[in-house]
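For reference, the chains in residue letters:
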Amino acid sequence: GNSVTQMEGPVTLSEEAFLTINCTYTATGYPSLFWYVQYPGEGLQLLLKATKADDKGSNKGFEATYRKETTSFHLEKGSVQVSDSAVYFCALSASWGKLQFGAGTQVVVTP
Amino acid sequence: DSGVTQTPKHLITATGQRVTLRCSPRSGDLSVYWYQQSLDQGLQFLIQYYNGEERAKGNILERFSAQQFPDLHSELNLSSLELGDSALYFCASSEGPQNTEAFFGQGTRLTVV
């Protein structure tokens, strides 16, 4: 079946550091890939998405490229802020819209 | 604000009881999804409705059921509750039957005591 694996957290960084969160997936066919972010006490917000191989999703300084050859969709940001502290979820959608999520990675950014 | 409204925000109930969680999708969205978020299982897809019809089913227990009404709001019914059902339940909505972008509500935190 389909699955998403992302690096375990927490990831602790200083402000302005570079952030990478690794995400790999297993799926049949050609899934769409997503990164969602969950701030404390809130629901999930779509951060970015990519619907086909080599697509790059970007938003708010975050980027991720859909790599079919390595089945990966790693999230990157060049310079994090304290306000980026949250839990980040990688997800795929392969059939009928349901999302399959990774376990989530908590990111803590310190001043 | 995602435009998806879930009520109630918090619910505390006893084992064996039955509760109903409600979700109003974003205006214009025809698909509603329910997810369960727990510490041990992470985020699990439960069920999807599209324009009133069940579209996809995930790891939803037989004690749980859902429906989508003609006005497109949805309800998730949880019965014979157990301690392990304590979790955050999210509703999400999207425009069509296949998710290109789903918008999530703030969730209902269910505590079973």
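Refer to the preceding data block for the structure.
Because the structure is a prediction, the values reported are computed rather than measured.

Caption draft 1: Molecular detail of the pattern of salt bridges. Residues and elements named next belong to chain B. Counted under the stated rule, the structure contains eight salt bridges over all chains. Between Arg 26 and Asp 29 there is a salt bridge, with the nearest N and O atoms lying 2.8 Å from each other. A salt bridge links Glu 82 to Arg 63, with the nearest nitrogen and oxygen atoms 3.7 Å apart. You can see Glu 82 sitting in the loop between strand 8 (74-78) and strand 9 (87-94) and its partner Arg 63 sitting in the loop between strand 6 (53-57) and strand 7 (64-68), a full 19 residues away along the chain. It is possible to trace a salt-bridge network through shared partners that takes in Arg 63, Glu 82 and Asp 85.

Caption draft 2: Examining the environment of B:Leu88 more closely. The residue B:Leu88 is located in strand 9 in this model. Residues B:Leu88 and B:Gln44, spaced 44 residues apart in sequence, show a C-alpha to C-alpha distance of 11 Å. In contact with B:Leu88, not counting residues within four places along its chain, are A:Gln38, B:Tyr35, B:Gln36, B:Gln37, B:Gly107, B:Thr108 and B:Arg109.

Caption draft 3: Structural detail: the state of the cysteines. A complete count under the given rule lists two disulfides over all chains for this structure. In this model A:Cys23 forms its disulfide with A:Cys90; the gap between the sulfur atoms is 1.9 Å. Looking along the S-S bond of the A:Cys23-A:Cys90 disulfide, the torsion reads about -70°, which is the left-handed sense. Note that A:Cys23 is positioned in strand 4 (residues 23-26) and A:Cys90 in strand 10 (residues 86-93), a separation of 67 residues in sequence. Its relative accessible area of 1% is what places A:Cys23 among the buried residues. Two residues, B:Cys23 and B:Cys91, share a disulfide whose sulfurs are 1.8 Å apart. Judged by the sign of its S-S torsion, about -55°, the cystine formed by B:Cys23 and B:Cys91 is left-handed. With B:Cys23 in strand 3 (residues 19-24) and B:Cys91 in strand 9, this residue pair connects regions lying 68 residues apart in the sequence. A relative accessible area of 0% means that B:Cys91 is categorised as buried.

Caption draft 4: Local environment of the interface of chain A and chain B. The interface of chain A with chain B comprises 15 residues on the first partner and 19 residues on the second. Here chain A packs against chain B, burying approximately 1600 Å² in sum over the two surfaces, 57% of which is carbon and sulfur. There are one salt bridge connecting chain A and chain B. A salt bridge links A:Lys49 to B:Glu101; its shortest N-O distance comes to 3.6 Å. For the pair chain A and chain B, the interface holds three residue pairs in polar contact (both at pLDDT 80 or more). Listing elements by their share of the side of chain A that touches chain B, those giving two or more residues are strand 5 (32-38), strand 6 (44-50), strand 10 and strand 11 (99-101) of chain A.

Caption draft 5: Region of interest: the nonpolar core. Ranked by internal contacts, the top residues of the largest apolar core, which has 26 residues, are A:Leu19, A:Trp35, A:Leu48, A:Phe73, A:Leu75, A:Tyr88 and A:Val107. Ranked by the residues each element gives to this core, the list is headed by strand 10 of chain A, at four residues. Counting residues in hydrophobic clusters, the runner-up holds 20 residues, among them B:Trp34, B:Ile60, B:Leu76 and B:Val112.

Caption draft 6: Representation of the environment of A:Ala50 in the model. Residue and element names in this part refer to chain A. Tracing the backbone shows Ala 50 in strand 6. The buried category is assigned to Ala 50, whose relative accessible area is 2%. Sequence separation between Ala 50 and Leu 92 is 42 residues; the distance between their C-alpha atoms is 9.7 Å. In this structure, Ala 50 is in contact with Ser 32, Leu 33, Asp 55, Tyr 66 and Phe 73, ignoring residues within four places of it in sequence.

Caption draft 7: How the structure looks around the sheet that holds strand 7 (residues 56-59) of chain A. All names here are of chain A. Taken together, the four strands give an open sheet; going across it, the order is 3-9-8-7, and neighbouring strands pair in antiparallel fashion. The strands lining the two open edges of the sheet, one partner per strand, are strand 3 (19-21) and strand 7. Between one strand axis and the next, the sheet turns by 15° as a mean value, whatever way the strands run.

Caption draft 8: Region of interest: the sheet that holds strand 8 of chain B. All names here are of chain B. Spatially, the four strands line up as an open sheet ordered 1-3-8-7, and their pairing is antiparallel. Edge strands, defined here as strands with exactly one partner in the open sheet, are strand 1 (5-7) and strand 7. Across this sheet, the average inter-strand angle for adjacent strands is 15°, counted without regard to direction. Inspection of the sheet shows strand 7 paired to strand 8 by five bridges, in the antiparallel sense. Directly across from Ala 66, in strand 8, lies its bridge partner Leu 76.

What counts, and at which threshold
- Residues numbered from 1 in each chain as written.
- Chains lettered and ligands numbered in written order.
- Predicted model: local features only at pLDDT ≥ 70, side-chain atom pairs only at ≥ 80, totals over all residues.
- Heavy atoms only, no water.
- Salt bridge = Lys/Arg side-chain N within 4 Å of Asp/Glu carboxyl O.
- Helix = DSSP H or I, 4+ residues; strand = E, 2+ residues; numbered from the N terminus.
- Contact = heavy atoms within 4.5 Å.
- Disulfide = S-S within 2.5 Å.
- Buried < 20%, exposed > 50% of the residue type's maximum accessible area, 1.4 Å probe, protein only.
- Buried area = accessible area lost by both parts, 1.4 Å probe.
- Polar contact = N/O pair within 3.5 Å; in protein donor to acceptor, adjacent residues only side chain to side chain.
- Core = buried A, V, L, I, M, F, W, Y, C linked by side-chain atoms within 4.5 Å.
- Pairing = 2+ DSSP bridges.
- Axes fitted to C-alpha atoms, helices over the stretch in contact; angles between N-to-C directions.

Scope: geometric values only; no functional claims are made or implied.
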